[in-house]
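# Geometric and topological summary
Residues per chain are reported as follows:
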Amino acid sequence: NHRGLDVSAESTRVVCDYVLTSPDNRHEIMGIKKRRFLSALNLEQQFEEDAAVLSDLEAATLPPTGEFPVVLAGDALDSLFDFFVAQLDGHALFNRYSIFQKGDMVVRDAREPLSILSDATIPGGMRSYMFDELGFEARTVKLIENSKVENFLIDGRYADLLKIPKTSALMNIRVSPGVTPYGDFLSDGVIELTKFSTFQPNTISGAFSGEIRLGYLHKCGKRIPIKGGSVSGSTQSAFAGALKSSEEVQRAAYLGPQGVFFERLTVAGE
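Described in the following lines is the structure provided in the data block. On a predicted model such as this, the values are computed, not experimentally measured, just so you know.

Another aspect to go through is the pattern of salt bridges. A side chain with one charge may pair with a side chain of the opposite charge, provided their charged atoms come close. By the definition in use, this model includes 11 salt bridges. Between Arg26 and Asp24 there is a salt bridge, and its shortest N-O distance comes to 3.7 Å. Here Asp160 and Lys163 are joined by a salt bridge, their closest N and O atoms 3.9 Å apart. Connected through shared salt-bridge partners, Asp75, Asp78 and Arg251 make up one network.

Spelled out as structure tokens, the structure:
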């Protein structure tokens, strides 16, 4: 930079773009898997899982319509916590759409506390960096602890604009797990959703809606494949009745519960 500081760091990024088709060519899975290291791609396991999904898609039907207990897992985890993270960002403070201040409860009367970090140090995380794209130091920031706002993501630019201390730009999302095994969520009447065509919460209102690509209705001891339709809800009210699995999973820029159980979400299907 203009002060003579020269800093660099070596890193790798591996992207696998693929398509799997069913034998009759009626169904396909398009995947783009990104990892920092080639060894973390686990393509053989991924293809086996996707092949099982293709088999289930052939027998899948529309989900029922109504309000149901729902488990969100798989694709949903990449953006499920976006409302909280976006609300606790310098951009939200500068543009005055953040509804939170330090010490506020992000979820009231929650069945289980929520804790979220922006973590720059997760091994293999797609957003694990020493510095951000503007050259400022990347740090791990505790955003939410026990459902209470601890801090905001303030990068160098917004620190200057807002005249407040810098914390860090957004890195990987790390969510503390719960105490319930994932398998215990899958009781009779529960809808388990793992793959979506789209799933993107509104970062201002918290409303979310996802187009279901594949899921399962657990009924009478059976795991019935479903596809089509949508699931929707409001982030804050939904998390008030949510439970997180004790098992953790790592995705591209996420480390946290394998799935989240919600007492009631709206499902639109048949």
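Back to the write-up after that little detour.
Turning next to the sheet that holds strand 7 (residues 172–175). Within a sheet, neighbouring strands are paired by backbone hydrogen bonds and run either parallel or antiparallel to one another. Reading across from one edge, 6-5-4-7-14-13 is the order of the 6 strands in this open sheet, with mixed pairing throughout. The open sheet has two edge strands, strand 6 (148–149) and strand 13 (248–250), and neither has a second partner. Relative to strand 6, strand 5 (residues 141–145) runs antiparallel, the two sharing 2 bridges. Across the sheet, residue Glu145 finds its bridge partner in strand 6, namely Lys148.

Right, let's talk about the packing of aromatic side chains for a bit. Tallied over the full model, the rule gives 12 aromatic pairs. Between Phe83 and Phe100, the aromatic rings sit 6.3 Å apart at their centres with planes inclined by 70 degrees, giving edge-to-face as the arrangement. Here the residue Phe83 occupies a position in helix 2 (residues 82–87), and Phe100 occupies one in the loop between helix 3 (90–94) and strand 4 (116–119), the gap between them amounting to 17 residues. Classification of Phe100 as buried rests on a relative accessible area of 5%. Ring pairs connect the aromatic residues Phe81, Phe83, Phe84, Phe100, Phe239, Tyr254 and Phe262, which therefore count as one cluster.

It is worth spelling out helix 1 (residues 43–59) at this point. In a regular helix each residue adds 1.5 Å, so 17 residues correspond to 24 Å; helix 1 covers 25 Å between its end C-alpha atoms and thus fits that length. Restricting attention to buried positions, one finds in helix 1 the residues Gln46, Asp50, Val53, Leu54, Asp56 and Leu57. The buried residues of helix 1 occupy one face: seen down the axis, they fall within an arc of 165 degrees. Exposed residues lying more than 90 degrees from the buried face of helix 1 are Glu44, Glu48 and Ala59. Against strand 1 (14–21), strand 2 (28–35), strand 8 (191–199), strand 9 (207–219) and strand 10 (222–226) lie the buried residues of helix 1.

This part covers the environment of Glu145. Note that Glu145 resides in strand 5. Residue Glu145 is classed as partly exposed on the basis of its relative accessible area, which comes to 27%. Each C-alpha atom of the pair Glu145 and Ala51 lies 39 Å from the other, and the pair is 94 residues apart in sequence. In this view, Glu145 contacts Leu114, Ser115 and Glu150; residues no more than four positions away in its chain are not counted.

Further remarks concern the pairing of strand 5. Across 3 bridges, the pairing between strand 4 and strand 5 is antiparallel. Note on strand 5: the bridge partner recorded for Leu117 is Lys142. The turn joining strand 5 and strand 6, which pair antiparallel and follow one another in sequence, is formed by 2 residues; a positive phi near 50 degrees is taken by Asn146.

Take the side chain of Arg36 next. Relative to the assigned elements, Arg36 resides in the loop between strand 2 and helix 1. No salt bridge forms around the buried Arg36; measuring N to O, its nearest opposite-charge neighbour Glu10 is 11 Å away. A polar contact is formed between the side chain of Arg36 and the backbone oxygen of Gly125, at a distance of 2.9 Å. A distance of 2.8 Å separates the side chain of Arg36 from the backbone oxygen of Ser128, its partner in a polar contact. Sequence-distant contacts of Arg36, that is, excluding residues within four places in its chain, are made with Ser11, Thr12, Arg13, Val14, Gly124, Gly125, Met126, Arg127, Ser128 and Tyr129.

One can find Thr167 in the loop between helix 4 (156–162) and strand 7. When its relative accessible area of 12% is taken as the criterion, Thr167 is described as buried. Of note is the side chain of Thr167, whose polar atom sits 2.8 Å from the backbone oxygen of Phe152. A polar contact of 2.7 Å, which involves the side chain of Thr167, links it to the backbone nitrogen of Ile154. Not counting residues within four places of it along the chain, the set of residues in contact with Thr167 comprises Arg139, Val141, Asn151, Phe152, Leu153 and Ile154.

A word on the pairing of strand 1. Within a regular beta strand, the side chains point alternately toward one face of the sheet and then the other, so they alternate between its two faces. Pairing between strand 1 and strand 2: 8 bridges, direction antiparallel. Note on strand 2: the bridge partner recorded for Tyr18 is Gly31. A loop of 6 residues connects strand 1 with strand 2, the two strands running antiparallel in sequence, and Asn25 in this loop sits at a positive phi of about 65 degrees.

Cut-offs applied
- Residues numbered from 1 in each chain as written.
- Predicted model: local features only at pLDDT ≥ 70, side-chain atom pairs only at ≥ 80, totals over all residues.
- Heavy atoms only, no water.
- Salt bridge = Lys/Arg side-chain N within 4 Å of Asp/Glu carboxyl O.
- Pairing = 2+ DSSP bridges.
- Helix = DSSP H or I, 4+ residues; strand = E, 2+ residues; numbered from the N terminus.
- Phe/Tyr/Trp six-rings, centres within 6.5 Å; stacked < 30°, edge-to-face > 60°.
- Buried < 20%, exposed > 50% of the residue type's maximum accessible area, 1.4 Å probe, protein only.
- Expected span 1.5 Å × (residues − 1).
- Arc of directions from axis to C-beta.
- Contact = heavy atoms within 4.5 Å.
- Lys, Arg positive; Asp, Glu negative; His and termini not counted.
- Polar contact = N/O pair within 3.5 Å; in protein donor to acceptor, adjacent residues only side chain to side chain.

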